[in-house]
Amino acid sequence: MFQLPRGTRDFTSEEMVKRRYVEENIASTFKSFGYGEIQTPTFEMLELFKAKSGDSIIDEIYAFSDKGDRELALRPELTAPVIRFYVEKMQMEPKPLKLFYFGNCFRYDRPQKGRYREFWQAGCEIIGTNTPEAYAELVAMAYTILKKVGLKNIQLNIGNLDIINSTLTKLGLSKDDQKELLPLIDKSQFDDIFSLLTNLNITNECAKEFCDILQTADINKIKKFIQGDTSAMDELSNLEKLLDLLKNSFNIKDFKIKMSIVRGLDYYKGLVFEIDAPFLGAEKQLCGGGAYDLVTLFGGRETPTAGFAVGFDRTILALDIEKFAFPSLKTDVYIIPVSEEMIGKSIELSQNLRNEGISIDLDLLRRGIGKSLKYANSKNVKKVIIIGPKELENDSVTLRDMKAGNQEVVKIADIVSKLKIN
RNA sequence: GCCCGGGUAGUGUAGCCUGGUAACAUAUGGGACUGUGGAUCCUCUGUGGCGGGUUCAAAUCCCGCCUCGGGCCCCA
């Protein structure tokens, strides 16, 4: 027996029905916002991911050399490939450029529930605009995607890195001190933040105010703290506009301002947001996004970019936890030939019906009617056609409704219209 | 990479502590039923994650590995 590689999964037909349903649902939401789908390769030059995330990334991805000694990597995420694609071939496209994608990614992590070595992401990038309305639309779209697939319990949190950086500057912290502080902020350990700040000779009053800002939903408090930093003030007024549009125009009201959202890497800037499924435990983040600058890092002409990624597997998990009723795959009709002599006629009919767009399965085991009906039932088939010599004499067959449990004799010529009505 | 808990037919479980014939349910195939399903009955097939140790004897005790799950680290 062979084993699956650690952190990978097989998907049954039933699971694939769910996954395709969610995937198509997400794609249609992207399209409804004017986004176009793109696809990039499953593996890229290793250099691309090193450029984005630093050399240490190698430990956490599937990196290898091919037979021509090229250093390659299975993609650990999709933003870098998409921006590479943009810089290479799409810089002259009309702006704003709206791109979405769906694909598998690979990370060399310790697997857990909601965390696999091969996982799927859906995501998008909007390139060439940074207006509050563009970013409000981006956040609204992320939220809409998760709502439209059927999730009830999700939490949208919105922050801003420029503003939080401005507060750190205001506190007069060195880069090293900031490095120590950021993980605590990320984990919302406010007591630890307070004691660290006071140890760094920041006044109690100031440290308290800072902790307050991390937890507040009151823009004015933040405004007071960063007064004098004009670029941060601009950013804050844009955030205010964004939130206003989200609330009053997109009609999305259940979000939180969360200034404690931080990101480790320097190419992030400005807007950041996350969407969590609170019941998912340690791996609860479904979606993360914001504004960033990778275009110049990859050698393109400077232009604003923002985007987000949705963890597809976690979305399915969250739907399962919420006991979401996924549509199930059903074959329309099952055909039962009552004897061996009826097989040819049955196949002929099944082909005719398939050409009419009706999905057909038929008995391939020469089983009796009883067993065949049982099989059809276990496969959730809606209708069964029984073909036997008695009816065939009158160019008819028996059409049985599995749900209602009744049946009637129908002329073969009338079958299609009969099936299409119901 | 760290700590903790699991792994027994396809699936769900019992037995493990206290070593001694691997069991139950369900599902699958065949049949009772020769032209009518979700019921019932019969029947076939199928089971200890892998490796080592202790022992007359290991599903059971010990060790290592693999793997799943909970919590960390990380989360680009």
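Conventions adopted
- Residues numbered from 1 in each chain as written.
- Chains lettered and ligands numbered in written order.
- Predicted model: local features only at pLDDT ≥ 70, side-chain atom pairs only at ≥ 80, totals over all residues.
- Heavy atoms only, no water.
- Helix = DSSP H or I, 4+ residues; strand = E, 2+ residues; numbered from the N terminus.
- Rg over C-alpha atoms; globule rule 2.2 N^0.38 Å.
- Buried < 20%, exposed > 50% of the residue type's maximum accessible area, 1.4 Å probe, protein only.
- Areas by Shrake-Rupley, 256 points an atom, 1.4 Å probe, with all protein chains shown as cover.
- Lys, Arg positive; Asp, Glu negative; His and termini not counted.
- Charge placed at Lys NZ, Arg CZ, Asp CG, Glu CD.
- Pairing = 2+ DSSP bridges.
- Axes fitted to C-alpha atoms, helices over the stretch in contact; angles between N-to-C directions.
- Contact = heavy atoms within 4.5 Å.
- Salt bridge = Lys/Arg side-chain N within 4 Å of Asp/Glu carboxyl O.
- Polar contact = N/O pair within 3.5 Å; in protein donor to acceptor, adjacent residues only side chain to side chain.
- Expected span 1.5 Å × (residues − 1).

1. Observations regarding the overall build of chain A
Then step 1. The number of helices and strands found in chain A is 15 helices and 16 strands.
Then step 2. In terms of overall size, chain A is more extended than a compact globule, its C-alpha atoms giving a radius of gyration of 28 Å where 422 residues would be expected to give roughly 22 Å.
Then step 3. If you line up chain A on its principal axes, its C-alpha atoms span 95 × 55 × 45 Å.
Then step 4. Relative to its full complement of 422 residues, chain A shows a buried share of 47%.
Then step 5. Carbon and sulfur atoms make up 49% of the accessible area of chain A, which amounts to about 22100 Å² in all.
Then step 6. Chain A carries 58 positive and 61 negative side-chain charges, and their two centres are separated by 5 Å.

2. Comments concerning the pairing of strand β4 (residues 71-74)
Then step 1. Relative to β4, strand β2 (residues 43-45) is paired through 3 bridges, and the arrangement is antiparallel. From the neighbouring strand, E44 faces β4, where its bridge partner is A73.
Then step 2. Pairing geometry for strand β3 (residues 63-65) and β4, over 3 bridges, is antiparallel. Across the sheet, the residue bridging to S65 is E71, located in β4.

3. Side note on the sheet that holds β4
Then step 1. On the basis of which strands lie adjacent, the open sheet formed by 3 strands has the order β2-β4-β3 and antiparallel pairing. In the strand order of this sheet, the two ends are held by β2 and β3, each with one partner. The average undirected angle you get between the axes of adjacent strands in this sheet is 35°.
Then step 2. Running at roughly 75° to β2, helix α2 (residues 46-53) makes contact with β2, β3 and β4 of the sheet.

4. Looking at the pattern of salt bridges
Then step 1. Scanning the model with the defined rule gives 23 salt bridges in all.
Then step 2. In this structure, D313 and R19 form a salt bridge, with 3.1 Å as the shortest nitrogen-oxygen distance. Of this pair, D313 sits in helix α11 (residues 312-321) while R19 sits in helix α1 (residues 13-32), and the two are 294 residues apart along the sequence.
Then step 3. Take D313: its relative accessible area is 5%, and that puts it in the buried class.
Then step 4. A salt bridge links R263 to E274; the shortest N-O distance between them is 3.6 Å. With R263 in the loop between β8 (255-257) and β9 (268-276) and E274 in strand β9, this pair connects stretches of sequence that are 11 residues apart.
Then step 5. The structure contains a network of salt bridges with shared partners spanning E44, R84, E88 and K89.

5. A short note on the side chain of N157
Then step 1. Take N157: it is sitting in strand β7 (residues 155-160).
Then step 2. One polar contact links N157 to Q155, side chain to side chain, over a distance of 3.4 Å.
Then step 3. Once residues lying within four places of it in the same chain are set aside, the contact partners of N157 are K256, K258, I261, V272, F273, E274 and D276.

6. Digging into helix α4 (residues 132-148)
Then step 1. For α4, built from 17 residues, the straight-helix expectation of 24 Å at 1.5 Å per residue is met to within 8% by its first-to-last C-alpha distance of 23 Å.
Then step 2. Within α4, 14 of the 17 residues are buried, leaving the element largely enclosed by the surrounding structure.
Then step 3. Where α4 terminates, the next one or two residues include G150, which has phi positive at roughly 120°.

7. Structural notes on the environment of Q215
Then step 1. Considering the arrangement of structural elements, one finds Q215 in helix α8 (residues 204-215).
Then step 2. Judged by relative accessible area, which is 47%, Q215 ranks as partly exposed.

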